[in-house]
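Coordinate inspection notes
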Amino acid sequence: MLVLAKDDEASATQVYSCGLNNYGQLGYTEKDSNGRDILDKADRLTEISFFHGMNIKQIAGGEHFSLCLDSTGKNLYGFGRTCSGQLGNTTTTPAAGSYKVTPVPIYLEYNADGSPKANPIISQISCGGSHSFAMTEHGDVYSWGFGVSGALGVGKVGDGDCVLRPQKIDVTRGTNLLNEREGKGLVSATVQMVAGGAQHSAMTEVCVNYHHTSYILLLWGFGVSGALGVGKVGDGDCVLRPQKIDVTRGTNLLNEREGKGLVSATVQMVAGGAQHSAMVATLHPL
């Protein structure tokens, strides 16, 4: 567990953690007398000293790793397990079981010579089981980590099954492919939020098509248990890129049976679990 807290309104926010620490996901950098990392679990909230005075504003936790974002939105850090690229800071696949107890900086883009570019302002971070997301203030979404089930939203990721550095997602690709098949116009989109589940992900968008605005939900990744909300997803059990969900289908089918009017919906929030998803939406009569 990660917790943000501060003594008063004038003080900097501090980061505390507790729980399982087998891969350094709690961020404690202490070592024993032999110089080995102390990976004992913590049953009480303890401050992560690395972030003292840094005024962290957002935290996110995956299965065995953690992310922290400071108040400027430009400094993003990760710590914990690294073997699936969870920390987004390497070009070679780390060895099985590798980890970082000391938080490392994460950069969204790199120059041609391999040096990192300064981060844009990041407005939201999110972790799935072994993958991560960062959304910028302009609505660009980057993903990295374990992608064998399509949870990264970038299509097939290659033989390594992982994306080791952040990669930008084409947030309108799935919607526009569907619109083309149905003879509808293309859209532009502003992402509102992104969320990770164990091996699937979700995103809410505001889409604009010829001055018509719609609020949509997209899901992708591992869907064998129905977590994507699209019904049976085929033999592969996965959706590799964001796919639009008809969030009012169940409600409108029920309304039709009961003689009630149809509704549209504005999705406000979405969350992913191990193999399920949930959303908060406002319904509007048509």
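This is a predicted model, so every value here is computed, not measured. (Residues numbered from 1 in each chain as written. Predicted model: local features only at pLDDT ≥ 70, side-chain atom pairs only at ≥ 80, totals over all residues. Heavy atoms only, no water.)

Quick look at the overall build of the chain
Helix and strand counts for the chain come out as two helices and 17 strands. Computed over C-alpha atoms, the radius of gyration of the chain comes to 20 Å, within 12% of the 19 Å expected from 2.2 N^0.38 for 286 residues, which places it in the range of a compact globule. In terms of overall dimensions, the chain has C-alpha extents of about 70 × 45 × 35 Å along its principal axes. For the chain, buried positions account for 44% of its 286 residues. Counting contacts in the chain only where the partners sit at least 6 residues apart, residues at least 24 apart contribute 48% of the total. (Helix = DSSP H or I, 4+ residues; strand = E, 2+ residues; numbered from the N terminus. Rg over C-alpha atoms; globule rule 2.2 N^0.38 Å. Buried < 20%, exposed > 50% of the residue type's maximum accessible area, 1.4 Å probe, protein only. Contact = heavy atoms within 4.5 Å.)

Some details on the sheet that holds strand E10 (residues 141-146)
Pairing between the strands of a sheet comes from backbone hydrogen bonds, and it takes one of two forms, parallel or antiparallel. On the basis of which strands lie adjacent, the open sheet formed by four strands has the order E8-E9-E10-E11 and antiparallel pairing. Looking along the sheet, the strands with just one partner apiece sit at the ends: strand E8 (122-127) and strand E11 (162-168). Here the strands of the sheet are splayed against their neighbours by 10 degrees on average, with no regard to which way each runs. Bridge count for strand E9 (residues 131-136) against E10 is five bridges, and the pairing is antiparallel. (Pairing = 2+ DSSP bridges. Axes fitted to C-alpha atoms, helices over the stretch in contact; angles between N-to-C directions.)

Here we look at the pattern of salt bridges
Applying the stated criterion to the full structure yields four salt bridges. Here lysine 31 and aspartate 37 are joined by a salt bridge, their closest N and O atoms 2.5 Å apart. Here aspartate 32 makes a salt bridge to arginine 36, at a shortest N to O gap of 3.3 Å. Arginine 36 sits in the exposed class, given a relative accessible area of 51%. (Salt bridge = Lys/Arg side-chain N within 4 Å of Asp/Glu carboxyl O.)

Regarding unusual backbone geometry
Positive phi, normally seen in glycine, also occurs at asparagine 55, with a value near 55 degrees. Note that asparagine 55 resides in the loop between strand E3 (42-47) and strand E4 (56-61). Judged by relative accessible area, asparagine 55 falls into the partly exposed class, the value being 28%.

A few points about the sheet that holds E3
Reading across the sheet, the three strands line up as E1-E2-E3 and stay open at both edges, with antiparallel pairing between neighbours. Of all the strands in the sheet, the pair left with one neighbour each is strand E1 (2-5) and E3. Averaged over all neighbouring strand pairs, the angle between strand axes comes to 20 degrees, with direction disregarded.

A short note on the environment of serine 98
Mapped onto the secondary structure, serine 98 falls in the loop between strand E6 (76-81) and strand E7 (99-106). C-alpha separation for the pair serine 98 and cysteine 68, spaced 30 residues apart in sequence, amounts to 20 Å. With sequence-adjacent residues up to four places away left out, serine 98 is seen in contact with Tyr23, Gly80, Arg81, Thr82 and Cys83. Separated by 2.6 Å, the side chains of serine 98 and threonine 82 make a polar contact. (Polar contact = N/O pair within 3.5 Å; in protein donor to acceptor, adjacent residues only side chain to side chain.)

Description of the environment of glycine 150
In this fold, glycine 150 is placed in the loop between E10 and E11. Classification of glycine 150 by relative accessible area gives buried; the value is 1%. Ignoring sequence-local partners within four residues, the contact set of glycine 150 consists of Trp220, Gly221, Val239 and Leu240.

Focus on the state of the cysteines
One pass over the structure, following the stated rule, counts zero disulfides. With no disulfide of its own, cysteine 68 has cysteine 127 as its nearest cysteine by sulfur position, at a separation of 9.3 Å. According to the relative accessible area criterion, cysteine 68 is buried, its value standing at 0%. No disulfide involves cysteine 238; its nearest neighbouring cysteine sulfur is the one of cysteine 162, lying 14 Å away. Here cysteine 238 falls in the partly exposed class, since its relative accessible area comes to 23%. (Disulfide = S-S within 2.5 Å.)

This is a description of form; function is not addressed.
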